[in-house]
Amino acid sequence: MNPNIVETINVAREVAWLPWAVQYFFLIGLSYGAYLLSLPGIVFRRPGWAGISRLALLGALVCGLAAPVALLADLHQPGRFWHFYAYFTPTSWMSWGAFFIPVYLGGLLTYAWLAFRPDLARHAQSGGKLAGLAGLLAYGGHESRGALKAAALLAFVGAALVALYTGAEVAVVQARPLWNTPLLPLQFFITAFAGAVGLALLFNRFSVRDAAANRRMAGVLAATQVVALAVGALWLALGVSGISPVHAQALAEVGPSANWQLSAAWAVAATVLTLVLAWKWPGSGLLIGLLALHSAWMMRWSIFIGGQEVPKTGAGYYTYSLPLGPEGLMGIVGTAGLWVFLFILITTLLPLDRLAAGNTDKAAA
Amino acid sequence: MNKAFQSPDSAACAASAPASASRRNFLRGVPVVTAAAVMAPMPAIAATGKQQWAMLIDVRKCIGCQACTVSCIQENAVPEGSFRTVVSTYSVKLTDSAQPAGTYVLPRLCNHCDNPPCIPVCPVSATYKREDGIVAVDGDRCVGCAYCVQACPYDARFINHETNKADKCTFCAHRVDAGLLPACVETCVGGARIFGDINDPEGELARRLKEAQPQLKVLKPELETAPRVFYIGLDERFTGKVEGQGTLWKPRNLPHA
């Protein structure tokens, strides 16, 4: 900061991407991350992965269904969402995103339905809650591997496109140096995947408490934290050394701020803590799961809300205080509430224990 | 003392004559867009032969009175707490003067860039560049996603909480289309804002731009947005994000949306 210049009159621009946007990027990230985690057990039938993958697919489903609602709510004209489809604009990543989301969700829903059909049929037979609905949805309850693989492939294409567009959409904004770094999409992806592992760890903890699955996921989580730290170190090195002007500019914008220093220290500490716990005490599934989810959310909050606190022309920083209404806290709570509702609805038809147990005798019992 | 750091008195004295002259020339110039008008020696703008509106801001003549800020709000019904234009004001420590500090003023508005970063990002093509160079928003199409707000490097855009659409300076397109000057130009006390057709070599704007060429600057030139708002007396320290102490005023208790 130059102490010789004091800004005496200027205007503060409000954040225009609200906490709804943070929720969207968090949930859609968790969803595609959890989708990827569903592949080894369900599509590739890797031994020891069945329970993990089925829990992850549940997570992908719940997060994937809640995410677009948050996105819609972030529009200041939600009723005009159809304009995205009527006025396609190929130069805009957001415009492409409007088409990628249905591809992903279409693939994901079909894949999840095909994967869970036998479970729905079993639930219908057992006469549990909403057994009639489960029976209808099961539609015979057959397992069809070919269709399942095709749907999983469609979902994969959609997930890759969603991961690409959510990263690129933010990274192309030259006006915000903090966003305009080529590493940002990668950082979104890593934290999203780590968060998804965290979610599956929680599901495991609150269902069958499978220690082997917990250990396996802790190993994966530890690996994601190593990658996250490596990419973070690369980001910092590129900024400090000045090799990459965009990183240097990003660092220069936020480096002097005590708030940002705290955020960075917090992020590194949380990542290191998650890594050490996952590596040394893999049994701490609940804690590392929560930590990974927290890191994924905090990263997005800092990037979106913190990023918008950096004036593009004015001196210093804008100050943000979370409003309590729909444009702030209620957006966060509302999205969380929707998530809980969807979770309850889906786990009523597909009880967590049964999903976690996989297609085994345990599940039928 | 740097010429840009003027005391209010000297600036005000120098002001009123050029303001009215600029107005007269503008009004006189409107109907005479002829084939000869294609020559735009200053700055290099595609010679389309059509009107290309632009603004020159002579920072040396701005007295920081915010008359432009107020008239813009009045003219365009800008909601309380939002601004399409404002005169950013800075207190700058002086080393070459007996006086400890001088005031630096910098009128800001949409730069109506020739290469506007806000346009390609709009997911529904609601924001566009008119044939006369004005960057506009189609309010019937805008979904209020605020992607353009993020993409503008000048913090010139915002979400209007009354319309829930992207909002920004339009160069008062409704007035310009009726042969009038933008409200901020009309009310500028110091005559610091000169508006006109860059393609009209006889016009006040082109003439003044040509005269001022050596010291002509734009904001954030490194982004290559090709702004159509030019500055005379733009201090290097203020062309980008200002490095300084922020003491920002933020309106409180306003309804958000």
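Residues numbered from 1 in each chain as written. Chains lettered and ligands numbered in written order. Predicted model: local features only at pLDDT ≥ 70, side-chain atom pairs only at ≥ 80, totals over all residues.

Some details on the overall build of chain B
Right, so step 1: Looking only at helices and strands, one finds 8 helices and 10 strands in chain B.
Right, so step 2: Out of the 257 residues belonging to chain B, those deemed buried represent 49%.
Right, so step 3: Put simply, 65% of the contacts in chain B that link residues at least 6 apart link residues at least 24 apart. (Helix = DSSP H or I, 4+ residues; strand = E, 2+ residues; numbered from the N terminus. Buried ≥ 20, exposed ≤ 12 C-beta atoms within 10 Å, placed from the backbone. Contact = placed C-beta atoms within 7 Å.)

Looking at the interface of chain B and chain A
Right, so step 1: At the interface, 48 residues of chain B touch 45 residues of chain A.
Right, so step 2: Of all the secondary structure elements, the ones that give two or more residues to the side of chain B that touches chain A are strand 2 (86-93), helix 4 (118-121), helix 5 (147-151) and strand 6 (158-160) of chain B.
Right, so step 3: Looking at which element gives the most residues to the side of chain B that touches chain A, the answer is strand 2 of chain B, with 8 residues.
Right, so step 4: Residue composition of the side of chain B that touches chain A, grouped by class: 27 nonpolar, 12 polar and 9 charged.
Right, so step 5: Relative to strand 2 of chain B, strand 1 (residues 5-9) of chain A is paired through 4 bridges, and the arrangement is antiparallel. Pairing of Val6 of chain A across the sheet is with Ser91 of chain B, part of strand 2 of chain B. (Nonpolar A, V, L, I, M, F, W, Y, C, P; charged D, E, K, R; others polar. Pairing = 2+ DSSP bridges.)

Some details on the pairing of strand 2 of chain B
Right, so step 1: Pairing of strand 2 of chain B with strand 3 (residues 101-108) of chain B involves 8 bridges; the strand directions are antiparallel. Its bridge partner lying in strand 3 of chain B, Tyr90 of chain B is registered against Tyr104 of chain B.

Comments concerning the nonpolar core
Right, so step 1: Counting residues in hydrophobic clusters, the biggest one holds 180 residues, and the most contacted among them are Ala34, Ala196, Val197 and Ala200 of chain A together with Cys148 of chain B.
Right, so step 2: Not counting chain neighbours up to four residues away, the residues in contact with Cys148 of chain B comprise Cys118, Val121, Cys122, Thr127, Arg157 and Ala166 of chain B. (Core = buried A, V, L, I, M, F, W, Y, C linked by C-beta atoms within 7 Å.)

Brief notes about unusual backbone geometry
Residues apart from glycine generally show negative phi values, whereas peptide bonds are mostly found in trans.
All names here are of chain B.
Right, so step 1: A positive phi angle, close to 65°, is found at Gln66, a residue other than glycine.
Right, so step 2: With respect to the helices, strands and loops of the structure, Gln66 is situated in the loop between strand 1 (53-58) and helix 3 (67-76).
Right, so step 3: Judged by C-beta crowding, with 20 C-beta atoms within 10 Å, Gln66 ranks as buried.
Right, so step 4: We note that Phe171 has phi near 55°; this positive angle belongs to a residue other than glycine.

Some remarks on the sheet that holds strand 10 (residues 229-232) of chain B
Residue and element names in this part refer to chain B.
Right, so step 1: Strand order in the open sheet formed by 4 strands is 8-1-10-9, with mixed pairing between adjacent strands. Edge positions in the sheet fall to strand 8 (193-197) and strand 9 (216-217), since each has one partner strand and no second.
Right, so step 2: Across the face of the sheet, helix 8 (residues 204-212) comes into contact with strand 1, strand 8, strand 9 and strand 10 while running at roughly 115° to strand 8. (Axes fitted to C-alpha atoms, helices over the stretch in contact; angles between N-to-C directions.)

What to know about the pairing of strand 1 of chain B
If a strand is regular, its side chains alternate between the two faces of the sheet.
Residues and elements named next belong to chain B.
Right, so step 1: For strand 1, the buried fraction is high: 6 of the 6 residues fall into the buried class.
Right, so step 2: Taking every second residue as pointing to the same face, both faces of strand 1 are buried, with Trp53, Met55 and Ile57 on one and Ala54, Leu56 and Asp58 on the other.
Right, so step 3: Pairing analysis gives 5 bridges linking strand 1 to strand 8, with the strands arranged antiparallel. Bridge assignment links Met55 to a residue of strand 8, and that residue is Phe195.

Quick word on the environment of Thr239 of chain B
Residues and elements named next belong to chain B.
Right, so step 1: Here Thr239 shows up in the segment after strand 10.
Right, so step 2: Residues Thr239 and Lys220 lie 19 residues apart in sequence; the distance between their C-alpha atoms is 5.6 Å.
Right, so step 3: Setting aside residues up to four positions removed in sequence, Thr239 forms contacts with Lys217, Leu219, Lys220, Pro221 and Leu234.

Notes on helix 1 (residues 19-42) of chain A
Right, so step 1: Between the first and last C-alpha of helix 1 of chain A there are 34 Å, a value that for 24 residues agrees with the 34 Å anticipated at 1.5 Å per step.
Right, so step 2: Within helix 1 of chain A, 22 of the 24 residues are buried, leaving the element largely enclosed by the surrounding structure. (Expected span 1.5 Å × (residues − 1).)

Here's the deal with the confidence of the model for chain B
All names here are of chain B.
Right, so step 1: Of the residues in chain B, 77% reach a pLDDT of 70 or more, and the chain-wide mean stands at 84.
Right, so step 2: The model gives residues 1-21 a pLDDT under 50, and that stretch makes 33 contacts with residues more than four places away or in other chains.
Right, so step 3: Across the interfaces of the predicted complex, the ipTM metric reaches 0.94, alongside a pTM of 0.90. (pLDDT = per-residue confidence, 0-100.)

Some remarks on the sheet that holds strand 1 of chain A
Right, so step 1: Reading across the sheet, the 3 strands line up as 1(A)-2(B)-3(B) and stay open at both edges, with antiparallel pairing between neighbours. Single-partner strands in this sheet number two, and they are strand 1 of chain A together with strand 3 of chain B. The average undirected angle you get between the axes of adjacent strands in this sheet is 30°.

As for helix 9 (residues 245-254) of chain A
Right, so step 1: Every buried residue belonging to helix 9 of chain A is among His247, Ala250, Leu251 and Val254 of chain A, and all of these are buried. With its buried residues spanning 95° around the axis, helix 9 of chain A presents them on a single face. (Arc of directions from axis to C-beta.)

Some words on the packing of helix 8 (residues 211-241) of chain A against helix 9 of chain A
Residue and element names in this part refer to chain A.
Right, so step 1: Viewed as axis vectors pointing N to C, helix 8 and helix 9 meet at an angle of 90°, and their least axial separation amounts to 7 Å. The pairing of helix 8 with helix 9 is recorded here as roughly perpendicular in orientation. Two secondary-structure elements touch here, helix 8 through Trp235, Leu238, Gly239 and Val240 and helix 9 through His247, Ala248, Ala250 and Leu251.
Right, so step 2: A class-by-class count of the residues in the contact of helix 8 with helix 9 yields 6 nonpolar, 2 polar and no charged. (Parallel < 35°, antiparallel > 145°, perpendicular 65-115°, else oblique.)

A short note on the environment of Arg84 of chain B
Residue and element names in this part refer to chain B.
Right, so step 1: If you trace the backbone, Arg84 turns up in the loop between helix 3 and strand 2.
Right, so step 2: Spatially, the C-alpha atom of Arg84 lies 11 Å from that of Gln74, the residues being 10 residues apart in sequence.
Right, so step 3: The residues touching Arg84, leaving out its near neighbours within four places in the chain, are Cys72, Asn76, Val78, Leu109, Lys168 and Cys169.

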